[in-house]
Amino acid sequence: MSDLVIYDTEATDADIRHGQITQFGGLKTDLDFNISEEINFRVKRLPWVVPSPTALTVTKMQARDLDNEDGVSEYEAARKMEKFLVPGYGQERTLVTFRGPSFDDELIRTTLFRNLNNPWFSSGKKTSKLDVFHLVRLAKTLNENALEVPMGDEGKLTWRLEKLCEANGIQLDAHDALADAYGTLEIAALVRNTTPNAWHTLMRCGLPARQEELLSGAYRNGKPLLLFQFFSEAKVIPCAVLGTNDQKGWILADLRADNIPDMVDDIKATLFTKDTPFPIVKSNMAPIFLDEMTAKAIDPSIDTKSIIAKAKEIKGGRLAEQAVEAYRGHAHPRLANMTSEEKIYSGFISDKDKPLLTSFHRADTWEKKLAINFTDGRLRDFQARILLDAYYSNKASFHEEDVAMLREQCAEALDRPFAEANSRFMTIKKALEIGVPRDWADWAEEVFDYKIEPSYVPEEEGDQLQMSF
C-alpha cells in the first residue's frame, strides 16, 4: 500500500547547507488522507550555529528557545527523520511538501549527511514527490473554483500556505512545522476533491523513474511534450527533447519560439535566463508534463500537428547536438574554500567508509564512536562535530587531549559565528547588519562572549528590520 508522507521543517536560516533544522513535523496517511502516524520534535542548536534574527521573527521564537534542553540533539534528530522518511523495503510512498524539493528536502539532506546518515532519502524506484505549491497553481489554472487564492499586499495572487489556508477556512498556526504539515494535508485534500485531474497529474509526474522514461522515450522518438510552468502566469510550452547531461537533467526546445539559436556559444548565453527557448528540467524534480486534453484546456491555441512536425524536424539535427554540448559545458562557478556541507555533491561515500558509518551508529559508547577512522575528510569533520556537540551537551566525556583534538578538527565550524558579514553562512556580524532585537543581542553576548555595540540594537523592537523568510 502507498503512503503519503507529509512533512515540514522550521530552521535557523534559509541557508540549506549551513542552516539548522529547529523543528520537524510530519504525518503519514493513506491515499485517502487517513492519518496513521504523527511526528513532531524540536532540535537543540549546534554550538556554532547563529540563528538568523529574520527566521526567529517569522517563527515567533527567541534565540534562547533554540538552546532549550527539551530539544533533541541534531544527531538524534537526523536518526528520527531518517526513520520517519525512509520506507520499508519495496514500500511505495509519495513525499508531500509545500515548496519542499528546493528547501526542506535539501535542508534535510544536509542534516542527514552532516550526521553520517544516507542523505538520499528522497531517492528510490518507488518514491514519488508532490509539491502542493505546484498542485494549487495547476488546479487554479484548470478550475477557477478549485480553491480560494487571496490577493497579497501588492495586488497580486499570493500562494503562501498560511494565506491559502486562511482563505479556505483552514485553521493554521503558521510557521510551526507540524501545523504546516497539517495545513499542507488539508490543502492537498481540498484540491484532490475539487480538481482531481490536477492531483492525478502531479501524482503521475512525481515518480523520477517514470519521468526519466517519458523524457528518454520522447528523445528517441522525436515526440513533443507539453510542459506546464507557472511563474507570473500559467503557460503550456510544447517542447522537443534535445538530450540529457546524464545526471537526470534534460534540455528541451520551446517549439513556439522563433529564431532558436543553434550554435553552442549562442545557446549557452540563453540557458537559465528568463524566457529562454531552452527549458531545463530534472527528472527527479517532478517536472509537470500534461496530456493533450489538459494542455488544450489551458491553452486552446496549441496546434498538435504543427508541433509534432516541428519536433520531427528537430530530431537528429544540428540543434540537438549543439544544445546538449552547450548544456553539458555550462558549469556553475565552483565555490572557494567549500565547507564540508557544501561538498555534499562532491563524490559518493567510498566502499571502505560505508561499513564504518554503520559501525559509528551501532557503537554503544562515545569512546567507540571516537575510535572509528573514516578516510573521507567530510566524514571525519562531521564525526568530530557530533562528538564535540555531545561533549558540550554533557552526554559524552573524553580525555582532555581528545577534546583538544576534536576542537582542532572542528575549528572551521567553531569559527563560523565570528566570521565576516559577507560569509556564505549566518554570522554575528551578518545578523547585526540585518538588525537584531535586544533579546537576541543579550543572548549572543552571553553565548559567544561577543561584545555588541549598542548602536546595532534598536531602542524599540518595533524598529527592527522585518524580512520575508
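Rules of the game
- Residues numbered from 1 in each chain as written.
- Predicted model: local features only at pLDDT ≥ 70, side-chain atom pairs only at ≥ 80, totals over all residues.
- Heavy atoms only, no water.
- Buried < 20%, exposed > 50% of the residue type's maximum accessible area, 1.4 Å probe, protein only.
- Helix = DSSP H or I, 4+ residues; strand = E, 2+ residues; numbered from the N terminus.
- Pairing = 2+ DSSP bridges.
- Salt bridge = Lys/Arg side-chain N within 4 Å of Asp/Glu carboxyl O.
- Axes fitted to C-alpha atoms, helices over the stretch in contact; angles between N-to-C directions.
- Contact = heavy atoms within 4.5 Å.
- Nonpolar A, V, L, I, M, F, W, Y, C, P; charged D, E, K, R; others polar.
- Patch = residues over 30% accessible without salt bridge, like charges linked within 9 Å, V, L, I, M, F, W, Y side chains within 5 Å.
- Areas by Shrake-Rupley, 256 points an atom, 1.4 Å probe, with all protein chains shown as cover.
- Lys, Arg positive; Asp, Glu negative; His and termini not counted.
- Charge placed at Lys NZ, Arg CZ, Asp CG, Glu CD.

**Q** Hey, could you run me through the pairing of strand E8 (residues 249-254) in this one?
**A** Consecutive side chains of a regular strand alternate in pointing toward one face of the sheet and then the other. In terms of burial, E8 is a largely internal element, six of the six residues being buried. Burial along E8 is two-sided: Gly249, Ile251 and Ala253 and Trp250, Leu252 and Asp254, pointing in opposite directions, are all buried. Two strands pair when backbone bridges link them, and strand E7 (residues 234-244) and E8 are joined in this way by five bridges, in the antiparallel orientation. Counterpart to Ala240 in the pairing with E8 is Ala253. As consecutive antiparallel partners, E7 and E8 are separated by four residues, and within that stretch Asp246 has a phi angle of approximately 65°, a positive value. Pairing analysis gives three bridges linking E8 to strand E9 (residues 280-282), with the strands arranged antiparallel.

**Q** Sorry if this is basic, but what is going on with the pattern of salt bridges here?
**A** Opposite charge on two side chains permits them to pair, given that their charged atoms come into close proximity. One pass over the structure, following the stated rule, counts 28 salt bridges. Between Glu106 and Arg17 there is a salt bridge, with its nearest N and O atoms 2.6 Å apart. Of the two residues, Glu106 is situated in helix H3 (residues 104-114) and Arg17 in the loop between strand E1 (3-11) and strand E2 (21-29); the sequence distance between them amounts to 89 residues. When sorted by exposure, Glu106 lands in the same class as Arg17, which is buried.

**Q** Sorry, what's going on with the packing of helix H6 (residues 177-194) against helix H7 (residues 196-205) here?
**A** To characterise two packed helices, one gives the angle between the axes of the helices and the distance between these axes. With their axes 5 Å apart at the nearest point, H6 and H7 run at an angle of 115° to one another. Residues Ala188, Val191, Arg192, Asn193 and Thr194 of H6 form the contact with H7, whose participating residues are Pro196, Ala198 and Trp199. By residue class, the composition of the contact of H6 with H7 is five nonpolar, two polar and one charged.

**Q** Is there a simple way to think about the sheet that holds E8 in this case?
**A** Strand-to-strand pairing in sheets goes through backbone hydrogen bonds, with the strands running parallel or antiparallel. One open sheet holds the four strands; their spatial order is E6-E7-E8-E9, and the pairing between them is antiparallel. In this open sheet, the two edge strands, each paired with only one partner strand, are strand E6 (225-230) and E9. Strand-to-strand twist of the sheet, defined as the mean angle between neighbouring strand axes without regard to direction, takes the value 50°. On top of the sheet, helix H4 (residues 132-142) reaches E6 and E7; it is set at about 105° to E6, its chief contact.

**Q** Would you take a moment to explain a negative patch on the surface for this structure?
**A** Residues Asp262, Asp265, Asp266, Glu321 and Glu325 make up a contiguous surface patch of negative charge. Among the elements of the structure, helix H9 (264-270) and helix H12 (318-329) are those that each provide at least two residues to the negative patch. Mapped onto the elements, Asp265 comes out in helix H9. Judged by relative accessible area, Asp265 falls into the exposed class, the value being 58%.

**Q** How do you make sense of the sheet that holds E2 when you look at a structure like this?
**A** The strand order across the open sheet formed by five strands is E3-E2-E1-E4-E5, and the pairing between neighbours is mixed. With one partner strand each, in any of the chains shown, strand E3 (35-42) and strand E5 (127-131) form the two edges of the open sheet. Mean inter-strand twist for the sheet, computed between neighbouring axes without regard to direction, equals 20°. Across five bridges, the pairing between strand E4 (residues 93-97) and E5 is parallel.

**Q** Got a minute to help me understand the pairing of E1 in this structure?
**A** Among the nine residues of E1, nine are classified as buried, and the element is accordingly described as predominantly covered. Of the two faces of E1, the one carrying Asp3, Val5, Tyr7, Thr9 and Ala11 and the one carrying Leu4, Ile6, Asp8 and Glu10 are both buried. Summarising the sheet, E1 and E4 pair through four bridges and their orientation is parallel. Opposite Val5, over in E4, you have Leu95 as the bridge partner. Relative to E2, E1 runs antiparallel, the two sharing eight bridges. Paired with Ala11 across the bridge in E2 is Ile21.

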